[in-house]
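Below are the chains, spelled out letter by letter.
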Amino acid sequence: MTITLVFLAALLAFFLGWVLSRTVNVEPWVADGGSINDHLPEILTTPRVGLAIFLAVASSVFALSISAYHMRMDWGPDWLSVPSPALLWVNTVILVLGSLALQWSWNAARRDDPAGRRRWLYVGGALTCAFFVGQILVWRDLTAAGYYVTANPANSFFYFMTGLHALHLLGGLVAWVRTVKRDRDDTPSDVVCTSVELCTIYWHYLLVIWFILFALLLTT
Amino acid sequence: MAELGHDATSHAPPREMPEMELPHGHSFWTTYVFSQDAKTIAIQYSVTAISVGLLAMVLSILIRLQLGFPNTFSLIDPSAYLQYVTMHGMIMVVYLLTALFLGGFGNYFIPLMIGARDMAFPYLNMLSFWFYFVSVLVLIASFFVPGGPTGAGWTLYPPQLISEGTPGIHGGVILMMVSLGIFIVGFTMGGLNYIVTILQYRTRGMTLMRLPLTIWGIFLATMLALLAFPALLVAALMVLLDHLAGTSFFMPAMFSMGEQLPHEGGSPLLFQHLFWFFGHPEVYIVALPAFGVVSDILATHARRNIFGYRMMVWALVAIGGLSFVVWAHHMYVSGMNPYFGFLFATTTLIIAVPTAIKVYNWVLTLWHGNIRLTVPMLFAIGFIFTFINGGMSGLFLGNVALDVPLADTYFVVGHFHMVMAVAPVMTIYAAIYHWYPKITGRMLHEGMGKIHFWVTFIGAYSIFYPMHYLGLMGVPRRYFAWGETAPFIGDDVVMLNAVISIAAIAVAAAQLLFIYNLIRSRKHGEEAGPNPWQATTLEWQTEHTPPTHGNFGKELPVVYRWAYDYSVPGTKYDYIPQNVPPEEVEMAEPAAGAAKT
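Keep in mind that what you see is a predicted model, and the values were worked out from it rather than measured.

**Describing the overall build of chain A**
Step number 1: The helix and strand tally for chain A stands at 6 helices and 0 strands.
Step number 2: Going from N to C terminus, chain A has its helices and strands arranged as α-α-α-α-α-α.
Step number 3: Projected onto its principal axes, the C-alpha positions of chain A cover 75 × 45 × 20 Å.
Step number 4: Of all 220 residues assigned to chain A, the portion counted as buried reaches 51%.

Put into C-alpha cells, the structure is as follows:
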C-alpha cells in the first residue's frame, strides 16, 4: 500500500495547502460590507476541474492496482514474471504518437484552424485504435506462448492492469467519438475546442499511466 | 491561487457568472423521471435509499427473530440467516447511508446552500441517479437467483466468499459485485458534480470559510468516497475474475470436499487490505456529512453560533486525512505483522483528537444556548450521545491487546452499530425533520416526531448496549445458533437476546410511524412558511417554498456573512440571514436605562 499512500499523501498535501491558504487568517465571523470571493483562478475552468477530479479517481484505481501488484509479488516465491514482448515497445510508440496528434489538434483548435483540428483529431483516434489492435496482438501472443491469465499470479496481474488501462482508453474513445460528432455538426468552435482539450489532457494522462505500468512490467 | 479580493462597494452586485441554461423538463418523463433538477434527483435518491433501507430493516428483524427466539421460525435456516446478515450490512452501509447522505442530501443542499442554480453537470447528475437505481435493482435481483444472495458477510472475505458451502456462491456473488461496480461508477459521476459545484458555483461572497458546515462535511466526504471506492472497485473486479475466469488474486490453494480447487497462489489478505482501504474511509464518508448536518442543526436550534467554526473545518479535514491510514485496525487478527498492529493502533487513537474537538465544540455550542427542543434538535442531541458512546467502545477495539479477545464478538457489533448505524441515522432523522418544511412546504407532525425520537433513542440503546455485554461474555457474531455449545450458554445471554429482539421490533414499529408521518404531512401537515426555524443559511431565503428549478429568483443571492449569525448582540432578531448586508441589519431598541458597556 506504500505507493497508494504516497499518492494520497501528495494529494492531501496539495489539498491541505490549498485549504490552509484559504482558511488561516480568515475571520469567518466578520460580516463584510462588500463581499469577498475566493474562487479558483480563471485558468481552472469548470470542465478542467471536473476532468482533474476524475483523473484523481482514476489515479486512485491505478495506484491501488500497483500496490496490490507489489504486495502480491513480495509475498510468494511462486511469482513468475511475464516476458515483455517487443510488440509492447511498438504499441508504446503508437500511443505516444496518438497523444502528440491530439496535442496538435488542440493547438490547431486554439489557432482557430478547423481543418488542422479535424485532421489531427482523426489521426489521434486512428493511432489509438492501432494501439488497441497492438494490445490485442500482445495478449494473443502471450496466450499462445502459454502465459494464460490463470497460469500464474503475475499473468493475472499483467492482464488485469493492461486491461484496466485499455478500458480507460476505451472510455476516452467514447469521448473522442462525441468530440468528432461535435466537430462535424455546427457546434460552436469554442465548445469543440474544450472537447478536444479535455480529450488531449486525458490522452496525456493515460500515456503517463502507460509509462508507469510498462516500467513496472519491465522492471519486475 | 487567486487572492481574496475585497470589494470596496458597499452594495456588491450579484456575482457575474454566465447564466446557466437549465435543462427544464418539458414532459412528465423529463420533469419527474429523467429530471436534471438536482432537487428532484435528490428526492429520487432519498426515496430509493429509504425504501431499500426499509428492506434492510426487515432483514434485521428476521435476524433478531432467529437470535431472540431460536427454533421458532422455520423459514429462517442457517443459509438464509447468513444471507440476511450480509444483505442487511451491505444495504445499510452502501445503498442507504452513502446514497442518502451524498446522493440525497448532497444534491438537495449543495446548490441551495452555496447559492447556485443547479449542479455543474446536470446530465451527469441524472445519470448518476439512474446508475444507482440500477445497482439497487441488481442487488435486489440476487434474492431471486438460484441459491439466493451471497451470505459471506458484508465484508465479503474470500476464500469463503466463493467456496462451496457459503450460500449464494453462484449468482449471488456475481450480482453483488456487479451491483457494487455499477454503484461506484454512478457515484463517481455524482461525486464529480458535488466537488466541482462546490468549487466553482459558489455565489458571490460565499467564501470557503462562509460555507455552512453541512457543505464542508459533504465536500470532504465526497472526496474520501472518490478516492476510497476505487479500492472496492479493484477488489470487486478481481473477485469477479477469480470467480469467472479462474484467476487466483485472492484464492489460495485449497481442498474443498476432498478435492483440490483449481486456484493456487492467491492471497486472501490482499483482499482484506483492499476492502478495508475502502471500508474504513467509508465510516467517515457516512460520518463527515453527519458531523456537518449536526453542527448546523445545533447552531440553528440553540440560537448560537457554532463554537470554533475554523477548528470544526480543520477537524473535518484532519479526520478525513487520517481515515486513510487506519484501515488495518480491522485486521488485527488476520495474521499480519504485529508491528503493523502497533502502528495502526497509534493512528487510530490519534483520530480521537480531532473527533474530540468536534464533540467539545458541539457541547460548547449548546452551552448557554437558547435551546429549542424541537424534534430535529432532539435527534441532533441524540446523535452526540450516541456518537460519544460508540467512540468510547472504539477506544477498546482500537487497541490490539483488547481487540484480539473482542474481535468477532457482539462487542464489535455493538460498537459499530452505535457509531456508524445509530449515530448517522439519528442525523438523517434530524435532517429530515429540519429540512422537510423546505422540501415540501409543510411541517412534520411534532407529536409523532417526538414519539419517533424517544422510541428510537431508548430502543436503539436497549438493542446495542446489551450487545457490548454479550461481547464481553464472549458471544460470537454471525452464529445462527449455538449448536452443541448451547449447554454452556448462560441464561442471561438467552434472556438478553430475547430482550434485544423485542426492542428491535419496537424500534422498527417507530420507523413505520415516521414513514406514515412523512406521507401524511405531505398533504395535511401544518403550513411551514419559508423559514420556520428562523435559520440563516441560503436555502431558507429562497423566493419559493419548495424552491423552483433554478432555486433563486432572477438574481443569485450575495453573501455577506457566515452561516452562524445567531443571537448577535444588539440586533433586533436573533438571527441574520447570510444574504443580509451589514447596513440592513435591524438593531434592537435600546432598553430604557440600560447601560451599554
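Moving on from the coordinates now.
**Describing the overall build of chain B**
Step number 1: Assigned secondary structure in chain B consists of 15 helices and 2 strands.
Step number 2: Over its C-alpha atoms chain B spans a radius of gyration of 25 Å, differing by no more than 12% from the 25 Å that the globule rule assigns to 597 residues.
Step number 3: Each principal axis of the C-alpha atoms in chain B carries an extent, and together these give about 90 × 50 × 50 Å.
Step number 4: Here chain B holds 597 residues, and 61% of them are scored as buried.
Step number 5: Considering only intrachain contacts with a sequence separation of at least 6, the fraction spanning at least 24 residues in chain B is 79%.

**Some remarks on the packing of aromatic side chains**
Step number 1: One pass over the full model with this rule turns up 67 aromatic pairs over all chains.
Step number 2: Between Tyr202(A) and Trp203(A) the ring centres are 6.4 Å apart and the planes differ by 80°, which places this aromatic pair in the edge-to-face class.
Step number 3: Judged by relative accessible area, which is 9%, Tyr202(A) ranks as buried.
Step number 4: Exposure remark for Trp203(A): the relative accessible area of 2% places this residue in the buried category.
Step number 5: Centre to centre, the rings of Phe271(B) and Phe275(B) are 5.9 Å apart; their planes meet at 20°, and the pair counts as stacked. Note that Phe271(B) and Phe275(B) are positioned in helix 7 (residues 268-302) at a spacing of 4 residues, about one turn of the helix.

**Side note on the interface of chain B and chain A**
Step number 1: At the junction of the two partners, chain B supplies 69 residues and chain A supplies 57 residues.
Step number 2: Taken together, the two surfaces of chain B and chain A that pack against each other cover about 5400 Å², and 74% of this comes from carbon and sulfur.
Step number 3: Seen at the junction of chain B and chain A, the total is 1 salt bridge.
Step number 4: Our count for the chain B to chain A interface comes out at 10 residue pairs in polar contact (both at pLDDT 80 or more).
Step number 5: At the level of elements, helix 5 (171-200), helix 6 (213-245), helix 7 and helix 8 (309-322) of chain B are the ones that each hand at least two residues to the side of chain B that touches chain A.
Step number 6: Top element by residues in the side of chain B that touches chain A is helix 6 of chain B. It accounts for 14 residues.

**Topic: the nonpolar core**
Step number 1: Judged by nonpolar contacts, the single largest core of 257 residues is most densely connected at Tyr95(B), Tyr132(B), Trp216(B), Tyr309(B), Trp362(B) and Phe383(B).
Step number 2: It is helix 3 (residues 78-114) of chain B that provides the largest number of residues to this core, a total of 23 residues.
Step number 3: Apart from residues lying up to four places away in sequence, Trp362(B) is in contact with Phe291(B), Val294(B), Ser295(B), Leu298(B), Ile306(B), Met312(B), Phe383(B) and Ile384(B).
Step number 4: Within the second largest apolar cluster, 5 residues are counted, among which are Trp106(A), Ala109(A), Val192(A) and Cys193(A).

**Considering helix 13 (residues 410-440) of chain B**
Step number 1: Largest kink in helix 13 of chain B: about 40°, centred on His417(B).
Step number 2: Backbone geometry just downstream of helix 13 of chain B places Gly441(B) in the positive-phi region, at approximately 85°.

**Concerning the packing of helix 4 (residues 114-144) of chain A against helix 6 (residues 189-219) of chain A**
All names here are of chain A.
Step number 1: It is at 12 Å that the axes of helix 4 and helix 6 come closest, and there the two elements cross at 30°. Judged on the interaxial angle alone, helix 6 and helix 4 are roughly parallel. The crossing of helix 4 and helix 6 is left-handed. Each of Arg117, Thr128, Phe131 and Gln135 in helix 4 lies in contact with helix 6, whose residues at this interface are Ser189, Val192, Val196, Trp203 and Trp210.
Step number 2: In the contact of helix 4 with helix 6, the residues fall into 5 nonpolar, 3 polar and 1 charged.

**Quick word on the pattern of salt bridges**
Residues and elements named next belong to chain A.
Step number 1: Counted according to the given criterion, the structure contains 14 salt bridges over all chains.
Step number 2: Residue Arg48 pairs with Glu197 through a salt bridge whose shortest N-O separation is 2.5 Å. One end of the pair, Arg48, is in helix 2 (residues 46-75); the other, Glu197, is in helix 6, and 149 residues separate them in sequence.
Step number 3: One salt bridge connects Arg72 with Asp78, and the closest N-O pair in it is separated by 3.0 Å.
Step number 4: Residue classification places Asp78 among the partly exposed positions, given a relative accessible area of 31%.

**Here we look at the packing of helix 2 of chain A against helix 5 of chain B**
Step number 1: One can describe the packing of helix 2 of chain A onto helix 5 of chain B by two numbers: an axis separation of 9 Å at closest approach and a directional angle of 135°. Overall, the two elements helix 2 of chain A and helix 5 of chain B adopt an arrangement that is oblique. Crossing angle aside, the handedness with which helix 2 of chain A passes helix 5 of chain B is right-handed. Only Thr188(B), Leu192(B), Ile195(B), Val196(B), Leu199(B) and Gln200(B) of helix 5 of chain B make contact with helix 2 of chain A, whose side of the interface consists of Thr46(A), Val49(A), Gly50(A), Ile53(A), Phe54(A) and Val57(A).
Step number 2: When its residues are assigned to classes, the contact of helix 2 of chain A with helix 5 of chain B shows 8 nonpolar, 4 polar and no charged.

**Side note on a nonpolar patch on the surface**
Residue and element names in this part refer to chain B.
Step number 1: On the surface, a cluster of nonpolar side chains totalling about 480 Å² of accessible area is made up of Leu349, Ile388, Met392, Leu395, Phe396 and Leu402.
Step number 2: Looking at the nonpolar patch, the element that brings in the most residues is helix 11 (residues 375-398), giving 4 residues.
Step number 3: By the element assignment, Phe396 lies in helix 11.

**Describing unusual backbone geometry**
Residue and element names in this part refer to chain B.
Step number 1: That bond from Pro158 to Pro159 is cis: its omega, 5°, falls within 30 degrees of zero.
Step number 2: Along the chain, Pro159 turns up in the loop between helix 4 (122-141) and helix 5.
Step number 3: Pro546 follows Thr545 through a cis peptide bond whose omega is -10°.
Step number 4: Its place among the elements puts Pro546 in the segment after helix 15 (491-524).

**Some details on the confidence of the model for chain B**
All names here are of chain B.
Step number 1: Looking at chain B as a whole, the pLDDT averages 91, with 95% of positions reaching at least 70.
Step number 2: At the level of individual helices and strands, chain B shows its lowest average pLDDT in strand 1 (residues 255-256), which scores 82, and its highest in helix 4, which scores 97.
Step number 3: Considering only residues more than four positions removed or in separate chains, one finds that residues 1-16, a stretch of pLDDT under 50, has 45 contacts.

**Brief notes about helix 5 (residues 153-184) of chain A**
Because an α-helix completes one turn every 3.6 residues, residues spaced three or four positions apart along the sequence face the same direction.
Step number 1: Over its 32 residues, helix 5 of chain A extends 46 Å from the first C-alpha to the last, a length consistent with the 46 Å expected when each residue adds 1.5 Å.
Step number 2: A side-chain oxygen of the first residue of helix 5 of chain A lies 2.9 Å from the backbone nitrogen of Ala154(A); this N-cap is Asn152(A).

**Regarding the state of the cysteines**
Step number 1: By the definition in use, this model includes 0 disulfides over all chains.
Step number 2: Cysteine Cys193(A) shares no disulfide, and the gap to the nearest cysteine sulfur, in Cys199(A), comes to 12 Å.

**Side note on the side chain of Thr247(B)**
Step number 1: With respect to the helices, strands and loops of the structure, Thr247(B) is situated in the loop between helix 6 and strand 1.
Step number 2: Note on Thr247(B): relative accessible area 0%, which makes it buried.
Step number 3: Here Leu241(B) takes part through its backbone oxygen, which lies 3.3 Å from a polar atom of the side chain of Thr247(B).
Step number 4: Among all residues touching Thr247(B), those that are not within four sequence positions of it are Val149(A), Thr150(A), Ser156(A), Met238(B), Leu241(B), Asp242(B) and His263(B).

**So, the confidence of the model for chain A**
Step number 1: For chain A, per-residue confidence averages 91 on the pLDDT scale, and 99% of positions sit at 70 or higher.
Step number 2: At the low end of the mean pLDDT range in chain A sits helix 1 (residues 2-23) of chain A, at 91; at the high end sits helix 3 (residues 87-110) of chain A, at 96.

**Overview of the environment of Phe275(B)**
Step number 1: Its relative accessible area of 0% is what places Phe275(B) among the buried residues.
Step number 2: Once residues lying within four places of it in the same chain are set aside, the contact partners of Phe275(B) are Trp154(B), Thr155(B) and Leu232(B).

Quick notes on the rules
Residues numbered from 1 in each chain as written. Chains lettered and ligands numbered in written order. Predicted model: local features only at pLDDT ≥ 70, side-chain atom pairs only at ≥ 80, totals over all residues. Heavy atoms only, no water. Helix = DSSP H or I, 4+ residues; strand = E, 2+ residues; numbered from the N terminus. Buried < 20%, exposed > 50% of the residue type's maximum accessible area, 1.4 Å probe, protein only. Rg over C-alpha atoms; globule rule 2.2 N^0.38 Å. Contact = heavy atoms within 4.5 Å. Phe/Tyr/Trp six-rings, centres within 6.5 Å; stacked < 30°, edge-to-face > 60°. Buried area = accessible area lost by both parts, 1.4 Å probe. Salt bridge = Lys/Arg side-chain N within 4 Å of Asp/Glu carboxyl O. Polar contact = N/O pair within 3.5 Å; in protein donor to acceptor, adjacent residues only side chain to side chain. Core = buried A, V, L, I, M, F, W, Y, C linked by side-chain atoms within 4.5 Å. Bend = angle between axes of the 7 residues up to and from the residue. Axes fitted to C-alpha atoms, helices over the stretch in contact; angles between N-to-C directions. Parallel < 35°, antiparallel > 145°, perpendicular 65-115°, else oblique. Left-handed = near helix turned anticlockwise from the far one by under 90°. Nonpolar A, V, L, I, M, F, W, Y, C, P; charged D, E, K, R; others polar. Patch = residues over 30% accessible without salt bridge, like charges linked within 9 Å, V, L, I, M, F, W, Y side chains within 5 Å. Areas by Shrake-Rupley, 256 points an atom, 1.4 Å probe, with all protein chains shown as cover. pLDDT = per-residue confidence, 0-100. Expected span 1.5 Å × (residues − 1). Disulfide = S-S within 2.5 Å.

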